[in-house]
Amino acid sequence: MSSTPTSETPAPASGPVEQAKADLAKRLGVEAAQVTVVSSSEVTWPDGSLGCPEPGMNYTQALVPGSRIILESAGKQYHYHSGGSRPPFLCTNPQR
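Quick look at the structure, then. Fair warning: this is a prediction, and the values are worked out from it, not measured in the lab.

Rules used throughout
- Going along each chain's sequence as written, the residues are numbered from 1 onward.
- This being a predicted model, a pLDDT of at least 70 is required before a residue's local features are given, and a value of 80 or more before pairs of side-chain atoms are given or counted; all residues contribute to the totals for chains, interfaces and linings.
- Where side-chain values are given, they derive from all heavy atoms of the structure, hydrogens and water being excluded.
- Paired strands, in this sense, are two strands between which DSSP finds at least two bridges.
- For the purposes of this entry, the term helix denotes a DSSP run of H or I that reaches at least four residues, the term strand denotes a run of E that reaches at least two, and both are numbered from the N terminus.
- Axis geometry follows a simple rule: fit a line to the C-alpha atoms, using only the stretch in contact for helices, then measure angles between N-to-C directions, giving values from 0 to 180 degrees.
- The criterion used for residue contact is that any of the two residues' heavy atoms lie within 4.5 Å.
- Within this scheme, the nonpolar core is defined by two criteria: the residues are buried Ala, Val, Leu, Ile, Met, Phe, Trp, Tyr or Cys, and they are joined through side-chain atoms within 4.5 Å.
- Exposure classes here rest on a 1.4 Å probe applied to the protein chains alone. A residue is buried below 20% of its type maximum, exposed above 50%, and partly exposed in between.

## A look at the sheet that holds strand E4 (residues 86–91)
Reading across the sheet, the four strands line up as E1-E2-E3-E4 and stay open at both edges, with antiparallel pairing between neighbours. Of all strands in the sheet, those bounded by a partner on one side alone are strand E1 (36–45) and E4. For this sheet, the mean angle separating the axes of adjacent strands, direction not counted, is 20 degrees. Contacting E1, strand E2 (64–73), strand E3 (76–83) and E4, helix H1 (residues 16–28) runs over the sheet at an angle of about 45 degrees to E2.

Put into structure tokens, the structure is as follows:
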């Protein structure tokens, strides 16, 4: 019996930035090369909304380490947030 973990999957050159770029390219129907990184930084979000609260939702009131990634394509900027175990997601109404 092999001791190799079965949950191990090859990482597709992907940290959060690459994941966000791939997601945005797919959403826009463009090549990933047409998506540029404006900035990427580690942040500590003030709560579980990860800087992207939705109306009517309740969030954990605890500090959450994560990241903020700003991408650009065709002159428009897109904000991606991540934190805790949540991978980068498109935040359409960033609060911070």
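## Topic: the nonpolar core
Among the nonpolar cores identified, the biggest contains eight residues, and these are Ala20, Leu24, Ala25, Val35, Ile69, Leu71, Tyr78 and Tyr80. Listing elements by their share of this core, those giving two or more residues are H1, E2 and E3. Top element by residues in this core is H1. It accounts for three residues. Setting aside residues up to four positions removed in sequence, Val35 forms contacts with Lys21, Leu24, Ala25, Val30, Leu71, Glu72 and Ser73.

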